[in-house]
Amino acid sequence: MMETEALRAEIAELTSAVRAFLEWHAISGTTGLPPAEELKALHFETQELTQAAPPRQESAAIPEVAHPLSASPYEVEEPPQVAPPAVRLPPPAEVEPEARSSASPPSLHGVEPSGSGAATDDSLEGRHSRLVLVDQEVRGCQRCGLHAGRTHTVLHRGSPNAEIVFIGEGPGQEEDLSGEPFVGAAGQLLDKMIVAMGYGRDDVYICNIVKCRPPKNRKPEPQEMEACSPYLARQLDIVKPRVIVALGATAVQGLLGTAEGITRLRGTWKLYKGTIPLMPTFHPAYLLRQPSAKREVWSDLKGVLQFLGRAVPARS
Ligand code: SF4
């Protein structure tokens, strides 16, 4: 009896399950049951797949990796080259004479700096222009210690194509103040000597061994004369005189490099750098102190005129 009731309960349970199964298929549009063999095969495949499936794992966060194509090809191109800012160079007229001097030191051999368009121009204008360049360099020169005490540099006066160049020692006080050589009492006497030779004051060329005044009118030191010598060499290279008249012992020393006294040297022809005839004579300042020496100086100057083939004025 007990077994019969249990069997009925089990059948009722199965019937209820079949009913629910059929109702679900009816709702989802499925009609009928698959054949028994297909159900059986489907049952085993499902079991195999379920058993073979790996346990589910929580998905790890995927690190963000930039896709190689995510960047624009234009973004990896070389950045455009940026031109450097333009630097304005001042025109030559704005360059201070001192800057020009340091950029272009004087030649040590009397040759003018290359690049000067007037370097070979021996016309009067060309010589003048070349001397102006020398003057500009001298004005900024600090090649020796004499620059520290100067008021003005003193380069020259006279004609750029003179046949005679008179060369003295260096500027005195009046020359330092005026910027011109031989403007004091000694200069006035030199002018008289030049006129007595038959020249106008500005027909000749006049300059000094050093272009800056030595303190207390002392004699220039040998290193100061040496430092300044390139300027004098350039002056002589531009003017190209036929004769140099060296005024006093310091001028002779600076030009010839000799320590021999002027009393022994005066009146005897020498050669400057083996090319230009040079006549040593007394300095006009010495004649102011020793007027009797004017006779010797006039004798020396007559010798210069004779060398040049000029008429010698009658003078006692
Ligand atoms: S004396 Fe001559 S070398 Fe000396 S600072 Fe003057 S210009 Fe320059």
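Residues numbered from 1 in each chain as written. Predicted model: local features only at pLDDT ≥ 70, side-chain atom pairs only at ≥ 80, totals over all residues. Heavy atoms only, no water.

Engineer: Break down the overall build of the chain for me, with residues and values.
Structural biologist: Helix and strand counts for the chain come out as eleven helices and six strands. When burial is assessed residue by residue, the chain has 34% of its 316 residues classed as buried. Residue pairs at least 24 apart in sequence account for 71% of intrachain contacts in the chain once pairs closer than 6 positions are excluded. When the accessible surface of the chain is totalled, it reaches about 20,200 Å², and 56% of it is carbon and sulfur. (Helix = DSSP H or I, 4+ residues; strand = E, 2+ residues; numbered from the N terminus. Buried < 20%, exposed > 50% of the residue type's maximum accessible area, 1.4 Å probe, protein only. Contact = heavy atoms within 4.5 Å. Areas by Shrake-Rupley, 256 points an atom, 1.4 Å probe, with all protein chains shown as cover.)

Engineer: How would you sum up the sheet that holds strand β4 (residues 243-247)? Please name residues and give values.
Structural biologist: Taken in spatial order, the six strands of this open sheet run β1-β3-β2-β4-β6-β5, and their pairing is mixed. In the strand order of this sheet, the two ends are held by β1 (157-158) and β5 (270-272), each with one partner. Against the sheet, helix α8 (residues 249-256) engages β2 (164-168), β4, β5 and β6 (276-281), with an angle of about 130° to β4. (Pairing = 2+ DSSP bridges. Axes fitted to C-alpha atoms, helices over the stretch in contact; angles between N-to-C directions.)

Engineer: Quick rundown of the packing of aromatic side chains? Include the residues and the values.
Structural biologist: For any pair of aromatic rings, the description consists of the separation of the ring centres together with the inter-plane angle of the planes. Scanning the entire structure with this criterion turns up two aromatic pairs. Judged by centre distance (4.8 Å) and plane angle (40°), the rings of F282 and Y286 are tilted. Note on Y286: relative accessible area 28%, which makes it partly exposed. (Phe/Tyr/Trp six-rings, centres within 6.5 Å; stacked < 30°, edge-to-face > 60°.)

Engineer: Can you tell me about the environment of K270, naming the residues and giving the values?
Structural biologist: Tracing the backbone shows K270 in strand β5. The spatial distance from the C-alpha of K270 to the C-alpha of I244 is 9.5 Å, given a sequence separation of 26 residues. If we skip the residues at most four places from it in the chain, K270 touches L256, L265, I276, P277, L278 and P280.

Engineer: Tell me about the confidence of the model for the chain, and name the residues and values.
Structural biologist: Where the model shows low pLDDT, its predicted coordinates should not be examined in detail. Mean pLDDT over the chain works out to 77, with 65% of the residues at or above the 70 mark. Ignoring residues within four places in sequence, the model shows residues 26-31, a span with pLDDT below 50, making one contact including any to other chains. Taken together, the stretch residues 41-111 has pLDDT below 50 and engages in 25 contacts with residues farther than four places along the chain or on a different chain. (pLDDT = per-residue confidence, 0-100.)

Engineer: An account of the nonpolar core is needed here, citing residue identities and associated values.
Structural biologist: Ranked by internal contacts, the top residues of the largest apolar core, which has 59 residues, are I164, F166, I167, M197 and L255. Sort the elements by how many residues they give to this core and helix α7 (residues 222-239) lands first, with nine residues. (Core = buried A, V, L, I, M, F, W, Y, C linked by side-chain atoms within 4.5 Å.)

Engineer: Which residues make up the pairing of β2, and what are the values?
Structural biologist: Burial runs high along β2: five of the five residues are buried. The alternating pattern of β2 places I164, F166 and G168 on one face and V165 and I167 on the opposite face, and all of these are buried. Taken together, the four bridges between β2 and β4 define a ladder with parallel strand orientation. Within the sheet, the bridge partner assigned to I164 lies in β4 and is V243. Note that β2 and strand β3 (residues 205-208) share four bridges and pair parallel.

Engineer: Residues and numbers for the pattern of salt bridges, please.
Structural biologist: Counted under the stated rule, the structure contains 13 salt bridges. Its salt-bridge partner being R266, residue D300 comes within 2.7 Å of it at the nearest N-O pair. Placement of D300 in helix α11 (residues 294-308) and of R266 in the loop between α9 (262-265) and β5 is noted, with a sequence separation of 34 residues between them. Owing to a relative accessible area of 2%, D300 belongs among the buried residues under this scheme. Where salt bridges share partners, they join R157, E180, D191, R201 and D202 into one cluster. (Salt bridge = Lys/Arg side-chain N within 4 Å of Asp/Glu carboxyl O.)

Engineer: Break down unusual backbone geometry for me, with residues and values.
Structural biologist: Positioned with a positive phi, F182 is a non-glycine residue whose angle comes to about 55°. Within the secondary structure layout, F182 lies in the loop between α5 (173-178) and α6 (185-196). On the accessibility criterion, F182 (5% relative accessible area) is buried. Of note in this structure, K240 is not a glycine but carries a positive phi near 50°. Relative to the elements of secondary structure, K240 occurs in the loop between α7 and β4.

Engineer: Can you break down the pairing of β4 residue by residue, with the values?
Structural biologist: Regular strands have side chains that alternate between both faces of the sheet. Counted residue by residue, β4 has five buried out of five residues, so it is predominantly covered. Residues V243, V245 and L247 of β4 are buried on one face, and the alternating residues I244 and A246, pointing to the opposite face, are buried as well.

Engineer: Requested: an account of the packing of helix α4 (residues 124-139) against α7, with residues and values cited.
Structural biologist: A pair of packed helices is characterised by two quantities: the angle between their axes and the separation of those axes. Taken N-terminus to C-terminus, the directions of α4 and α7 make an angle of 170°; their axes are 10 Å apart at the nearest point. With respect to their mutual orientation, α4 and α7 come out roughly antiparallel. Facing R127, R130, L131, V134, E137 and V138 of α4, the residues of α7 in contact are Y231, R234, Q235, D237, I238 and V239. Classifying every residue of the contact of α4 with α7 gives six nonpolar, one polar and five charged. (Parallel < 35°, antiparallel > 145°, perpendicular 65-115°, else oblique. Nonpolar A, V, L, I, M, F, W, Y, C, P; charged D, E, K, R; others polar.)

Engineer: Tell me about the side chain of D191, residues and numbers included.
Structural biologist: Mapping D191 onto the fold places it in helix α6. According to the relative accessible area criterion, D191 is buried, its value standing at 13%.

Engineer: Now, about α11: what can you tell me, with residues and values included?
Structural biologist: Here α11 spans 21 Å end to end across 15 residues, near enough to the 21 Å set by a 1.5 Å rise per residue. Of all the positions in α11, only V297, W298, D300, L301, G303, V304, L305 and L308 are classed as buried. Along its buried surface, α11 packs onto β2, α6, β4, β6 and α10 (284-289). G309 sits one or two positions beyond α11 and adopts a positive phi of about 80°. (Expected span 1.5 Å × (residues − 1).)

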